[in-house]
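Remarks on the overall topology
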Amino acid sequence: MKKFILKRLGYALLSLFLLSLTIFFFVRVTGDPTTLLVEPGASRADIDALRQQLGLDRPVWVQYGSFLANVVRGDFGRSFYYRTPVLELYLSRLPNSLLLAVAAMTFSLVIGIPSGILAAVRLGGVWDRAGKIFALLGLSMPQFWVGLLLILFFSVYLGWLPSSGSGTPLHVIMPAFALGWYFAAAHMRLTRSSMLEVLGSEYVKLARLKGLPEALVIAKHAFKNALIPVLTLAGINLVLMINVAVIVETVFAWPGVGRLLYEGIAFRDFPVVQANIILGGAMIIVVNLLVDVLYAWIDPRIRLGR
Amino acid sequence: MTNGRAATLTLPWRLPRLNLRGWPLIPICILIAMALIAIFAEFLTPYNPEIGALGDRFRPPAWVAGGSDKHLLGTDHLGRDVLSRLIFGTRVSMIVGFMAVIFAGVVGTVLGILSGYLGGWVDQVIMRITDSWLALPGLTFAIFLAAIVGPSVSNIVIILALVFWTRYARVVRGEVLSLRERDYVRLAVVAGCSKWTIMRKHILPNVVNSAIVLATLQLGVVIVTEASLSFLGVGVPPPQPAWGLMLADGKKGLMAGYWWLTVFPGTCIALLVLSANLIGDWLRVKFDPQLRQL
């Protein structure tokens, strides 16, 4: 187990290293990074000072070293627009993103799991077909368009829900729906296939042979086991939601990290954009690592298999 | 009727009959129609999509009170004809979508074959890069790259290809690992074929199917990503007519109830993506019954 964790940890660190290298590479290779990192309209002297600070006259590897050292220390520079350290700014927005992600996740699980089970139990039935259409639409309609339609319907025509901003529970409903539909579709599909697999297994057959009522077989034996992969995916998706919410947060002016990324682009605030990408990537790598380790802990075949 | 059928059966030759049963005809028709619209955009549009008449701002669609036959689907905040912009937007989406998918597919397939067949350090390098790039959500990575290089259609194609090749590399490598152990590949090695020949003649034809299935499924994702980038202002630069850009413009009139600026472009995106997804799902089942989802 220890060996397995160390190996996975090594891979994760390598991924992080390559990620930082990728980002450094793209920022440097596409031209003079000072044009990205300096404020629009900065004076010649400012540009030269930044050049000095970044050490652009030094060899590339030395530059990368100092970039990496700063990132590891959590120093992502200062935001041009807000005039505060980028990390502080990011962390102040993170709770909002988390709130939205949790709301969207709740919605996606509440819709996805029951409909997935219904579809699997009544294969080919009305629920199965309705679920398929629901999933297909969720996977095909761009999230921001769903968001815009919701605003049009519930804010402009009906006037029931606020179209943007945050603060009250009412503000969360529409963004959570727009963000969660896609994931609800994914969770539904996985619940359905996982449930089908479990329903065909030996222990479910045994439970039926014992004469247990079908409802009990499904609820007690099949459901619990079918849920494991779905919850794993949900864990990964929660982190993913924080990082792909940029477009939904922009539509609803939700003050999370995604909106911060959008502001970073709109105000040409490059340190903010860069930090957002690095932190988002790091978050996802860490979660993947945790899931791998958790799986190996639950299922010895995985850690012994390699 | 029966005579006719009997006659065809007794003929010594038969036309190769295309069996369309089970084909997703509606999505295919939608895709073909959109491709034709994209190709013949100039002949279909009554107005220049980039120039509007400020006197005709926010005209509703023809069938709504206040609308006129001059602008079937209404006009936007600059008085530009929505229908004309949608038609030209089809071209932008199609070009960006197909080019990006093809570029990503070629790069990813080549790297996947190299990685899977050569193994060793080549495999390690390619797969570690793939892993770390896959850690970034496609949309966020694309936004980052677009923020660096600035908006233009060709930049978007390159960015999307850079972001999405990793999926192909993963899938293709997995296939190559099993193909490598097949008898015909081993026999080719014994027969003295070079690695290059084996990869080109014996491996590539067997992974093309998977790559095509993946490409079809990715087409939708790529088109949505392009629309998202344009919506955020780092995609196709204005005043070009792109659907994502139209939605961004439409958002300005949303609270005033100018619904046609939001509903029509989004419907176009959803139709195209839905068609691509349906065809992709069908191709996946058709090419590889083992991959069929239960």
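Residues numbered from 1 in each chain as written. Chains lettered and ligands numbered in written order. Predicted model: local features only at pLDDT ≥ 70, side-chain atom pairs only at ≥ 80, totals over all residues.

1. Topic: the overall build of chain B
Heads up, the condition is: Each helix is a run of DSSP H or I of at least 4 residues and each strand a run of E of at least 2, with the numbering of both proceeding from the N terminus. Put plainly, a residue is buried at 20 or more neighbouring C-beta atoms within 10 Å of its own, exposed at 12 or fewer, and partly exposed in between, counting only other residues' C-beta atoms, which are placed from the backbone. Residue pairs are scored as contacts if the distance between their C-beta atoms, which are placed from the backbone, is within 7 Å.
Summing up its helical and strand segments, chain B has eleven helices and zero strands in all. Moving toward the C terminus, one meets the helices and strands of chain B in the order α-α-α-α-α-α-α-α-α-α-α. Principal-axis analysis of the C-alpha atoms gives chain B an extent of 75 × 70 × 35 Å. In chain B, buried positions account for 46% of the 294 residues. If you take every contact in chain B between residues at least 6 apart in sequence, the share linking residues at least 24 apart comes to 71%.

2. A short note on the overall build of chain A
Helices and strands together make up the secondary structure of chain A, namely 14 helices and zero strands. For chain A, the spread of C-alpha atoms along the three principal axes comes to 85 × 60 × 30 Å. Counting every position in chain A, which comprises 306 residues, the buried fraction comes to 38%. Partitioning the contacts of chain A with sequence separation of at least 6, the portion at a separation of at least 24 is 71%.

3. A word on the nonpolar core
The condition that has to hold: Nonpolar cores are built from buried Ala, Val, Leu, Ile, Met, Phe, Trp, Tyr and Cys residues. These are joined into a set through C-beta atoms within 7 Å.
Counting 155 residues, the largest nonpolar core has Met241 and Ala245 of chain A together with Ala100, Ala142, Ile143, Leu160 and Ile269 of chain B as the members making the most contacts within it. Contacts of Met241 of chain A, omitting those with residues within four sequence positions, involve Ala101, Ala104, Met105, Leu179 and Phe183 of chain A.

4. Quick look at the interface of chain A and chain B
By convention, interface size is frequently given as the accessible area that disappears when the constituent parts associate. Residue-level contacts link 40 residues of chain A with 39 residues of chain B. Secondary structure elements with two or more residues in the side of chain A that touches chain B: α1 (2-29), α6 (126-140), α7 (143-157), α8 (169-199), α10 (214-244), α11 (246-252), α12 (257-266) and α13 (270-298) of chain A.

5. Some details on the confidence of the model for chain B
Residue and element names in this part refer to chain B. Worth spelling out the cut-off: As a per-residue quantity, pLDDT reports the predictor's confidence and falls between 0 and 100.
Of all residues in chain B, 91% attain a pLDDT of 70 or more, and the chain-wide mean is 83. When mean pLDDT is taken per element in chain B, helix α4 (residues 82-118) scores highest with 91 and helix α1 (residues 2-10) scores lowest with 49. Here residues 1-7 scores under 50 on pLDDT; set against residues more than four positions off or in separate chains, the count is zero contacts.

6. Details of the confidence of the model for chain A
With 93% of its residues at a pLDDT of 70 or more, chain A has an overall mean of 83. Looking across chain A, the model is least confident in helix α14 (residues 300-305) of chain A, with a mean pLDDT of 64, and most confident in helix α5 (residues 86-121) of chain A, with 90.

7. Things to note about the packing of α13 of chain A against helix α6 (residues 138-149) of chain B
Applied cut-off: In this analysis an axis means a line fitted to C-alpha atoms, helices contributing only their contacting stretch, and an angle means the value between N-to-C directions, from 0 to 180 degrees. Here the angle decides the label: under 35 degrees means roughly parallel, over 145 means roughly antiparallel, 65 to 115 means roughly perpendicular, and every other value means oblique. Left-handed describes a crossing in which the near helix is turned anticlockwise from the far one by less than a right angle; the clockwise case is right-handed. Gly counts as polar in this scheme, as do all residues outside two lists: the nonpolar Ala, Val, Leu, Ile, Met, Phe, Trp, Tyr, Cys and Pro, and the charged Asp, Glu, Lys and Arg.
Contact pair α13 of chain A / α6 of chain B: the axes reach a minimum separation of 10 Å and the direction vectors enclose 155°. Regarding the angle of α13 of chain A to α6 of chain B, the classification is roughly antiparallel. When the axes of α13 of chain A and α6 of chain B are compared, the crossing they make is left-handed. Residues Val273, Ile277 and Gly280 of chain A of α13 of chain A form the contact with α6 of chain B, whose participating residues are Thr140, Phe144 and Ala147 of chain B. Looking at the contact of α13 of chain A with α6 of chain B residue by residue, the classes come out as four nonpolar, two polar and no charged.

8. Quick word on unusual backbone geometry
Each neighbour pair has its own omega, and for Pro238 of chain B with Pro239 of chain B the value is 5°, a cis peptide bond. Take Pro239 of chain B: it is sitting in the loop between α9 (195-232) and α10 (243-252).

9. Quick look at the packing of helix α2 (residues 25-39) of chain B against α4 of chain B
Residues and elements named next belong to chain B. It is at 8 Å that the axes of α2 and α4 come closest, and there the two elements cross at 105°. As judged from the angle between their axes, α2 and α4 are roughly perpendicular. Across the interface between the two elements, Met34, Ala35, Ile37 and Ala38 of α2 pack against Ile87, Thr90, Arg91 and Met94 of α4. Looking at the contact of α2 with α4 residue by residue, the class counts come to six nonpolar, one polar and one charged.

10. Notes on the environment of Asp46 of chain A
Residues and elements named next belong to chain A. Its location among the elements puts Asp46 in helix α3 (residues 44-54). A count of 13 C-beta atoms within 10 Å places Asp46 in the partly exposed class. Sequence separation between Asp46 and Ala275 is 229 residues; the distance between their C-alpha atoms is 22 Å.

11. Focus on the environment of Asn70 of chain A
Tracing the sequence through the fold places Asn70 of chain A in helix α4 (residues 60-72). Asn70 of chain A sits 42 residues away from Arg28 of chain A along the chain, and the two C-alpha atoms are 16 Å apart.

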